[in-house]
Amino acid sequence: MIKLQFYLRFHTRYGQSLHITGNIDELGNNDTGKALSLHYLNDEFWHGTVEINSETAPAKIRYKYFLKNEDGERIQEWGNDRLISSLHKDTEEVQLTDTWNHAGEYENAFFTAPFNNVLLKGEHTKGKAGSDKHYTHIFRIKAPLLKKNEVIVLCGAGERLKNWSETDPVMLERKNDWWELRLDLSGTGFPVAYKYAVYNLKESRLVRFESGDNRLLISEAGSNKLSILHDGFARLPNDTWKGAGLAIPVFSLRSKNSFGVGEFNDIKLLVDWSAITGLKLIQLLPVNDTTATHSWLDSYPYAAISAFALHPIFINLPNLAGKDYAGRLGSLKKKQKELNEMPVVDYEAVMKFKTSALKELYEVMGEDCFSTDDYRKFYKANKHWLQPYAAFCYFRDTYGTSHFSEWESCSTYDKTAIEALFLPGNAISRQVGLYCFIQYHLHLQLQEAVDYAHKKGIVLKGDIPIGIYRHGCDAWVAPDLYNMDWQAGAPPDDFAAVGQNWGFPTYNWKRMQEDGFAWWKQRFEQMSHYFDAFRIDHILGFFRIWSIPAHALQGIMGRFVPCLPVHINEFGEQGIWFDYQRYCRPFIIDEVLYEIFGDRTGMVKENFLQPNEFGSLDLAPAFATQVQIEAHFAELEPTAENEWLKQGLFDLVSNVLFFEEPGSQGQEYHFRIAMEKTSSFRYLIPHVQEKLKQLYVNYFFRRQDDFWFKEAMHKLPMLKAATNMLVCGEDLGMVPGCVPDVMKQTGILSLEIQRMPKDPKKEFFHPNDAPYMSVITPSTHDMSTIRGWWEENRDKTQHFYNHLMGQWGQAPQFCEAWINRAIVMQHLYSPAMWSIFQLQDLLGMNETLRREKPQEERINNPANPKNYWQYRMHLSLEDLIGQQEFNEELRGYIQNSGRD
């Protein structure tokens, strides 16, 4: 038997407890419900003991700690690399002294995929350990940001630790993520003071000691006893690495060989340019298949019909065809030239011709492709999503709609029936095979681009949408994972006065937690094949999601879910008489009608309204909801007047103060967002207005914080632990006060934007104030570029010019190149880990290379729910690579700013 003694450094508060789980029975076999409980030892340590059978124990025992709060919430430490191994045959006791690994520690970021596999891969010097063959102590420490030729050494008191020698210290050896040293400290006097230090092998000198007090080794050497120290991170500067990146959608790329749209092959040219200029990261928008209607509406990259399948629009046909079948593409040359010369993407034309060509190539290449070992391996690894996706596409095209509820057959997903479609001899196995064929070749082309990027020292960052398409494959296969009666969106802001309705069903988190977030884990695994990092679109949705009922169209009709409602008793406590008709029904009186409709008030009253028993008006039953109103006007001629009338009626529907919580039997209510802007509120007496405002502030900004904190901590740590990609969150919008704390605790990088400060007291955010664990950018795809923004609001531009840029006098009317450059430089010199720029903002620094009209640089306008996503570079990547003077200038800016 071997006794394992665990000592964990951790300061707890009253009610908290610590536990340990691992891959052996005695530690619960990684089941937290069967974990070993630790006991409080003193202010510095918690302690636990367990005995294991040395003959049946695995050669490598892995374990980790977790914290249990007084409310039962469990918080696991980060990582999965605590290891007990290489025990002597006569070992009877192992004493483990550990340091809790907080997920929010900066250093953990440098052990994620982009750094481990690419950015820091060539920087690590292995070192040659001064270990003893027979040892009593194993020292382990992490130090990710060492420079080339640097290693970790151990200095300390006593003869074996060289008595603090700086010229002949004891060297550690890098083993995976740890630096390790095995020493025989028999006969050494305890306790032993020691420190880790950085040593340069090439220069044979000690560079620096770690900061802080000396470490103290208390565990004495003993007969048949082994002490293992996991000392956490060396206390060295941990915020010195900074990188610059580029953001652009794949569809926006332009090369001389693409087909009217950016393709996966074009990423390689973008990588070449990035390497020339010193950029280390390429950030892309989602690349999943969005083919639902076979129209330009499918250009919306966040409405994927599958969270796993890649978009066929990104395939390069000549690459697929190869030399053997290149002749079959000859007839497309003229069309390719025509589409490639267009200033924007013609989505429908590109898809029409690519789809036709893909079908033709499949007819001659399909059988040979399916017989290869590589395809079979791909099919087997991706079968769980590939079969449903291919079947979905077949039925979509067969029945002419992605609305699976309207299909004549298979409207409800049946796994057995779908699997049968792929069996040899099935009448339609050939047809469904087309979509598997396309996905395989998309995989090959994207994987080739990824491998090329990594060889060039460039990492790729993907984008995970917050929702799934309502009429897509994911909803068809597992509708129980989503709340199909609700629509995700966003509350009103400066960009969308009536909010946003994305149309996606919201996630059924309770159901997803039942299987340990299996769908999310599969999604992350699929994404990790191609991306080193990813952006969580609208990460606030993991705290609460803006949910709009199915009968509404505008985001302003939504509310946060989950959310603690206002109980009816609270109105009485505030001295407010609760009037359901007045507060929860649209407030419609003649004065309100005239404000909206003017001299058309009479017509509106006659056609759309009816009097009620309270002396006011109600919308007629046929026009009681926004969906009903939309359906009515859809049958009329689409004139400007009809659109104006429709929007006015929408405003009447939303002229309420509260929404009743479904199923609460009139006991619970939610505030309508932007209550003070409604005419319903304006017509209340001042006393009631003031009382409602106090309750409104409490509802939105106080009572929810702890609740939303727990909601996020139930999801994000588990999801982040499922992948080794670097995780970044898009935490913009109406940000709850708990969000920064959750981001810090989970080690997720925040997003900082100069013109969208998170402090409501500030008009602008200064890049110098960015936290290290963040991505900073002057603009995103959802907003105007630097040049476009400069012309939007003269007063804001003037204030920015004088106060953020420190310039005197009148601001130039247009964003001249030097202004654009100054803004980019502010971001480059920010303390943030990553500065990422849209390509348009980088080209804006050059009067010659920038696009003529800045309004043409914008990719998306969130206020327009039917935005056509068709922005494309105005010059080719080949031409950009040839701009030697600009490229050298940009590289100089990046290098001088200290960004690696």
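Only a predicted model underlies this, so the values are computations on that prediction, with no experimental measurement involved. (Residues numbered from 1 in each chain as written. Predicted model: local features only at pLDDT ≥ 70, side-chain atom pairs only at ≥ 80, totals over all residues. Heavy atoms only, no water.)

S.K.: Help me get a handle on the environment of glutamate 44, residues and values and all.
M.R.: Relative to the helices and strands, glutamate 44 is located in the loop between strand E4 (39–40) and strand E5 (45–52). Along the primary structure glutamate 44 and tyrosine 7 are separated by 37 residues, whereas in three dimensions their C-alpha atoms are 9.4 Å apart. Residue contacts for glutamate 44: discarding those within four places in its chain leaves Leu8, Arg9, Phe10 and His11. Within the local environment of glutamate 44, its side chain forms a polar contact with the side chain of arginine 9, the two groups lying 3.4 Å apart. (Helix = DSSP H or I, 4+ residues; strand = E, 2+ residues; numbered from the N terminus. Contact = heavy atoms within 4.5 Å. Polar contact = N/O pair within 3.5 Å; in protein donor to acceptor, adjacent residues only side chain to side chain.)

S.K.: Which residues make up the nonpolar core, and what values do they have?
M.R.: Core analysis: the biggest nonpolar cluster contains 202 residues, and Ile267, Trp273, Trp519, Trp520, Phe671 and Leu692 have the highest contact counts within it. Apart from the residues within four sequence positions on either side, isoleucine 267 is in contact with Val250, Leu253, Leu284, Leu446, Ala449 and Leu460. With 29 residues, the next largest nonpolar core counts Val151, Leu161, Val170 and Tyr199 among its residues. (Core = buried A, V, L, I, M, F, W, Y, C linked by side-chain atoms within 4.5 Å. Buried < 20%, exposed > 50% of the residue type's maximum accessible area, 1.4 Å probe, protein only.)

S.K.: With reference to specific residues and values, describe the layout of surface pockets.
M.R.: The volume enclosed by the second largest pocket comes to roughly 1,000 Å³. What lines the second largest pocket is a set of 39 residues, among which Lys64, Gln76, Glu77, Pro717 and Ala721 lie closest to the centre. Elements supplying a minimum of two residues to the lining of the second largest pocket: strand E6 (61–68), strand E7 (74–76), helix H21 (705–721) and helix H22 (739–746). At seven residues, the largest contribution of residues to the lining of the second largest pocket is made by H21. For the lining of the second largest pocket, a count of residues per class yields 13 nonpolar, 16 polar and ten charged. (1 Å grid on protein atoms, 1.4 Å probe; cavity = no way out; pocket = protein on both sides within 12 Å on 5 of 7 lines; lining within 4 Å. Points joined across faces, edges and corners; volume = space filled by probe spheres on them. Nonpolar A, V, L, I, M, F, W, Y, C, P; charged D, E, K, R; others polar.)

S.K.: How would you sum up unusual backbone geometry? Please name residues and give values.
M.R.: Between phenylalanine 190 and the following residue, proline 191, the backbone shows a cis peptide bond with an omega angle of 0°. Mapped onto the elements of the fold, proline 191 is located in the loop between strand E14 (178–183) and strand E15 (192–200). For the peptide bond that leads from valine 561 to proline 562, omega is -5°, which places it in the cis range. Examined against the element boundaries, proline 562 turns out to sit in the loop between strand E28 (559–561) and strand E29 (566–567). At lysine 162, a residue that is not glycine, the phi angle is positive and equals roughly 65°.

S.K.: So what's going on with empty space enclosed by the protein? Residues and values would help.
M.R.: Rolled over the atoms, a probe as big as a water molecule pinpoints where empty space is left. Tallied over the full model, the rule gives eight cavities of 30 Å³ or more. Counted as a void, the largest cavity has a volume near 220 Å³. If you trace the largest cavity, you find 21 residues lining it, with Ala247, Gln283, Arg535, Thr780 and His781 closest to the centre. Mapped onto the lining of the largest cavity, the elements with two or more residues apiece are strand E34 (726–729), strand E35 (750–753), strand E36 (774–777) and strand E37 (834–838). Residue composition of the lining of the largest cavity, grouped by class: ten nonpolar, eight polar and three charged. The volume enclosed by the second largest cavity comes to roughly 170 Å³. What lines the second largest cavity is a set of 17 residues, and nearest its centre among them are Val287, Asn288, Ala307, Met527 and Phe531. Listed by contribution, the elements that provide at least two residues to the lining of the second largest cavity are strand E21 (459–464) and helix H12 (518–528).

S.K.: Which residues make up the sheet that holds E35, and what are the values?
M.R.: An order of E34-E26-E21-E20-E19-E37-E36-E35 is seen for the eight strands of this open sheet, with the pairing classed as parallel. Looking at strand neighbours, the two that pair on one side only are E34 and E35, the edges of this open sheet. The average angle at which neighbouring strand axes cross in this sheet is 25°, direction not considered. Summarising the sheet, strand E19 (residues 243–247) and E37 pair through five bridges and their orientation is parallel. Counterpart to glycine 245 in the pairing with E37 is isoleucine 836. (Pairing = 2+ DSSP bridges. Axes fitted to C-alpha atoms, helices over the stretch in contact; angles between N-to-C directions.)

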